[in-house]
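A look at the structure
Spelled out from the first residue to the last, the chains are:
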There are 2 protein chains.
Amino acid sequence: MADSWVIMVTAQTPTNIAVIKYWGKRDEKLILPVNDSISVTLDPAHLCTTTTVAVSPSFAQDRMWLNGKEISLSGGRYQNCLREIRARACDVEDKERGIKISKKDWEKLHVHIASYNNFPTAAGLASSAAGFACLVFALAKLMNAKEDNSELSAIARQGSGSACRSLFGGFVKWKMGKVEDGSDSLAVQVVDEKHWDDLVIIIAVVSSRQKETSSTTGMRETVETSLLLQHRAKEIVPKRIVQMEESIKNRNFASFAHLTCADSNQFHAVCMDTCPPIFYMNDTSHRIISCVEKWNRSVGTPQVAYTFDAGPNAVLIAHNRKAAAQLLQKLLFYFPPNSDTELNSYVLGDKSILKDAGIEDLKDVEALPPPPEIKDAPRYKGDVSYFICTRPGQGPVLLSDESQALLSPETGLPK
Amino acid sequence: MADSWVIMVTAQTPTNIAVIKYWGKRDEKLILPVNDSISVTLDPAHLCTTTTVAVSPSFAQDRMWLNGKEISLSGGRYQNCLREIRARACDVEDKERGIKISKKDWEKLHVHIASYNNFPTAAGLASSAAGFACLVFALAKLMNAKEDNSELSAIARQGSGSACRSLFGGFVKWKMGKVEDGSDSLAVQVVDEKHWDDLVIIIAVVSSRQKETSSTTGMRETVETSLLLQHRAKEIVPKRIVQMEESIKNRNFASFAHLTCADSNQFHAVCMDTCPPIFYMNDTSHRIISCVEKWNRSVGTPQVAYTFDAGPNAVLIAHNRKAAAQLLQKLLFYFPPNSDTELNSYVLGDKSILKDAGIEDLKDVEALPPPPEIKDAPRYKGDVSYFICTRPGQGPVLLSDESQALLSPETGLPK
């Protein structure tokens, strides 16, 4: 009976999207970047990872299940995170159940980890960022590590670079750091999610049949072959980081949008300057950019910013709900769903934006007028898989309700 | 009768494609570039402009016909070329016909110009380069200007920057120059067309429904907004120019291919770094690059170089006829013609490459095996409009056969 207990912690961690991009490592092993980056955390209500970590003397080895399927923990990135958190473990006591784990016990105890994304994995929606952030956050709580979220971010960074930015809500800066051991390469919050709460985010998940270069491989090849990357990292990004922090603090949307779009485009420019060149955006991505650029220009002041990560999906940040509703109308005009798709499964997340846009069913989509800023606007049915409406959101939280745990409190195995 | 004579000259001038790109002017009016560029001249048998220029005391004004349609000469670019050549005009005498034009007469005499491209205009095949080169070359001959082709290139440059490189065959360097009046911004021949005569060039004219940004507008916006362009122009291109000249002189195809591809990609990278971003390549362009990159890698040494100008068309330079035949097989596998297209109108130019590739009709195209270097290779029927097979070629020539003139020797009007 003594070794049949299971102690569990469940946490939820958001994903994030960079508005000043991270592309290129100066240290592959420690995952240290060539420049600072800034991201916005996405509302976990729509895009997050939930992770339950459990410890029990009955566990024979560390094991992990991702979206219900067991995966190997032998990869260096998982091992880094597990090792670093174990090294920071402290005494844990559950007086009620008479369980005591001392600091040194953690070296011998094994953990079970179950993780679940509330959004399609492998759709290019930064699932590894939310995943590693959640893993590190949950393990730290389980093992009673005393480190604050910035310190934890430096550990999550060793799982996946951009994961460090998912340890906070709102807008987050990953400081590249200077020291060799990487201990100062960590995330800090720029402002929390309440600071600029009229922003609305619409993600267009773009259909693609091209196999993409992984960001790990891509950024290594860029560092090795692009003659533009170092100039970007050393001369351009440092100034942009200062300007971006200013824009966010002052809620200056025009400046924010300009910097966000320019930095996304420059990131894709250095990808193209790589040998062989890397193309993450496709014709649909280009058309979404064109739609936003033409609209912004026709209005005179930016209504929407766009940014693209290592894939064709567009992340569109609207100034406010009104701009978001107009944006959604335009997007649905250009990219109506295939005829066998229901509106309800085509626009996901915060559906109130759809209501604001006056769209209740597919007939309303059919009847949308062409955006006046483009002549003879064509429609590209089926080129977008679906949209997700969301907003800036909070950082990691613990879920105390045991019903939300992904592991059984008796067996420590997936429910 | 005295003023009814017409004197004419007909010239033929090739088009050219840059292997180190010209993108960005330091002087908009004089068309002075921010960096040197190097091009290969394409065989005029497949891609050239023919221009007839005529002078007669009976002409009331300067007039021009392009591909049979009269166009206005009032644009600054035409006026620049006409003014500069007139300023260099010399005495002309036709003893047989008893005609004498003295140097100062040229100021009062008007010219008729008829120009014809032997390839589709507006397909993004640098028709303005061949056109302005031919205009300047033909006018210079008509007016007995003593300037050599390099000096004439500095005039053609004021019509269209890249036109200056069409004054020579083989490989040509446009030296950016230093002096303010632009007189040292001109073209020189690197090697003639016989120096490296086993190269074969295949152009894929890519179907596109996107309206493209003109190169004049595009490069102005890049100069104004890209933070990467100056670094490219000042730090990267000067070194590449030296390496490219070396590669060409030594017929080092591996180095030539590496530099050509890298510089094309970097040009498109600075376009993407422009605000708003400029996308000249589309998904088909990306697929052609991927096809070449994968093949080159699978062989171990480059077989083919690719380069793209301000549009989606690919210019593919194969190491030799054997590589060209293999390339054409691969291209026709990925991009077969639409079923209503005949092979004869789908592969234009030097059709002997088609024969080398063992392809006689559409059934042979259908039966092509998938390139082994790509798994589950898909076919993109109709994504390429047509191919042109050609090679490096000679510079401008005079056509003495009057039957090739585009203007009537009696009326000075289009035949």
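The rules we used
- Residues numbered from 1 in each chain as written.
- Chains lettered and ligands numbered in written order.
- Predicted model: local features only at pLDDT ≥ 70, side-chain atom pairs only at ≥ 80, totals over all residues.
- Heavy atoms only, no water.
- Buried < 20%, exposed > 50% of the residue type's maximum accessible area, 1.4 Å probe, protein only.
- Helix = DSSP H or I, 4+ residues; strand = E, 2+ residues; numbered from the N terminus.
- Pairing = 2+ DSSP bridges.
- Salt bridge = Lys/Arg side-chain N within 4 Å of Asp/Glu carboxyl O.
- Domains from an automatic or database assignment.
- Contact = heavy atoms within 4.5 Å.
- Buried area = accessible area lost by both parts, 1.4 Å probe.
- Polar contact = N/O pair within 3.5 Å; in protein donor to acceptor, adjacent residues only side chain to side chain.
- Nonpolar A, V, L, I, M, F, W, Y, C, P; charged D, E, K, R; others polar.
- Axes fitted to C-alpha atoms, helices over the stretch in contact; angles between N-to-C directions.
- Parallel < 35°, antiparallel > 145°, perpendicular 65-115°, else oblique.
- Left-handed = near helix turned anticlockwise from the far one by under 90°.
- 1 Å grid on protein atoms, 1.4 Å probe; cavity = no way out; pocket = protein on both sides within 12 Å on 5 of 7 lines; lining within 4 Å.
- Points joined across faces, edges and corners; volume = space filled by probe spheres on them.
- Disulfide = S-S within 2.5 Å.

1. What about the pairing of strand E6 (residues 48–56) of chain A?
Residues and elements named next belong to chain A. With nine of its nine residues buried, E6 lies for the most part within the structure. In this structure, strand E1 (residues 7–14) lies alongside E6, joined through eight bridges in antiparallel fashion. The partner of Ile 7 across the bridge, within E6, is Val 55. Relative to strand E11 (residues 110–117), E6 runs antiparallel, the two being bridged by eight bridges. By the bridge assignment, Thr 49 is partnered in E11 with Asn 117.

2. Considerations on the pattern of salt bridges
For the structure shown, the criterion picks out 38 salt bridges over all chains. Between Arg97(A) and Asp94(A) there is a salt bridge, with its nearest N and O atoms 3.6 Å apart. Given a relative accessible area of 45%, Arg97(A) falls into the partly exposed group. Among the ionic pairs, Arg83(B) bridges to Glu84(B), the shortest N-O distance being 3.0 Å. Note on Glu84(B): relative accessible area 18%, which makes it buried.

3. A look at the domain arrangement of chain A
All names here are of chain A. On domain assignment, one finds that chain A holds domain 1 (7–192 + 397–404) and domain 2 (200–390). Computed over C-alpha atoms, the centres of domain 1 and domain 2 are 28 Å apart. Contact residues are listed per partner, giving 29 residues for domain 1 and 42 residues for domain 2. Overall, the association of domain 1 and domain 2 removes approximately 2900 Å² of surface from exposure, summing both partners, and the carbon and sulfur fraction of that is 73%. By the criterion of area lost to domain 2, the three top residues of domain 1 are Ile 20, Lys 21 and Trp 23, representing 29% of everything that side buries.

4. Points about the interface of chain A and chain B
Between chain A and chain B, the contact holds 29 residues from the first and 29 residues from the second. Across the chain A to chain B interface the summed buried area is about 2700 Å²; carbon plus sulfur atoms make up 64%. Counting the surface chain A buries against chain B, the share from its top three residues, Leu228(A), Met272(A) and Phe279(A), is 21%. Taken together, the connections running from chain A to chain B amount to zero salt bridges. If you look at where chain A meets chain B, you find four residue pairs in polar contact (both at pLDDT 80 or more). Elements supplying a minimum of two residues to the side of chain A that touches chain B: helix H5 (229–249), helix H6 (253–272) and helix H7 (283–299) of chain A. A per-class count over the side of chain A that touches chain B returns 13 nonpolar, eight polar and eight charged.

5. Some words on the packing of helix H2 (residues 127–142) of chain A against helix H3 (residues 149–156) of chain A
Residues and elements named next belong to chain A. Interhelical geometry of H2 versus H3 gives an angle of 125° and a closest axis separation of 9 Å. The angle between the axes of H2 and H3 places the two elements in the oblique class. Read as a crossing pair, H2 and H3 show a hand that is right-handed. Only Asn 149, Leu 152, Ile 155 and Ala 156 of H3 make contact with H2, whose side of the interface consists of Phe 132, Ala 133, Val 136, Phe 137 and Ala 140. A per-class count over the contact of H2 with H3 returns eight nonpolar, one polar and no charged.

6. Topic: empty space enclosed by the protein
On inspection of all chains with the given rule, the structure shows two cavities of 30 Å³ or more. If you add up the space inside the largest cavity, you get close to 50 Å³. Along the walls of the largest cavity sit His268(A), Met272(A), Ile278(A), Phe279(A), Tyr280(A), Met281(A), His286(A), Met272(B) and His286(B), which together make up its complete lining. By residue class, the composition of the lining of the largest cavity is six nonpolar, three polar and no charged. Here the second largest cavity defines a volume of roughly 40 Å³.

7. A word on the state of the cysteines
One covalent bond between the sulfur atoms of two cysteine residues makes up a disulfide. Evaluation of the coordinates by the stated rule reveals zero disulfides over all chains. With no disulfide of its own, Cys389(A) lies closest to Cys291(A) among cysteine sulfurs, the gap being 14 Å. Residue Cys261(B) stays outside any disulfide, its sulfur separated by 7.5 Å from that of Cys275(A), the closest cysteine. Residue class for Cys261(B) comes out buried when judged on its relative accessible area of 8%.

8. Notes on the sheet that holds strand E2 (residues 16–20) of chain B
All names here are of chain B. Taken in spatial order, the four strands make up an open sheet running E2-E5-E12-E13, and their pairing is antiparallel. Two strands bound the open sheet, and with one partner strand each, they are E2 and strand E13 (186–191). Across this sheet, the average inter-strand angle for adjacent strands is 35°, counted without regard to direction. Pairing of strand E5 (residues 37–41) with strand E12 (residues 171–175), which is carried by four bridges, proceeds in the antiparallel orientation. The residue of E12 that forms the bridge with Ile 38 is Lys 173.

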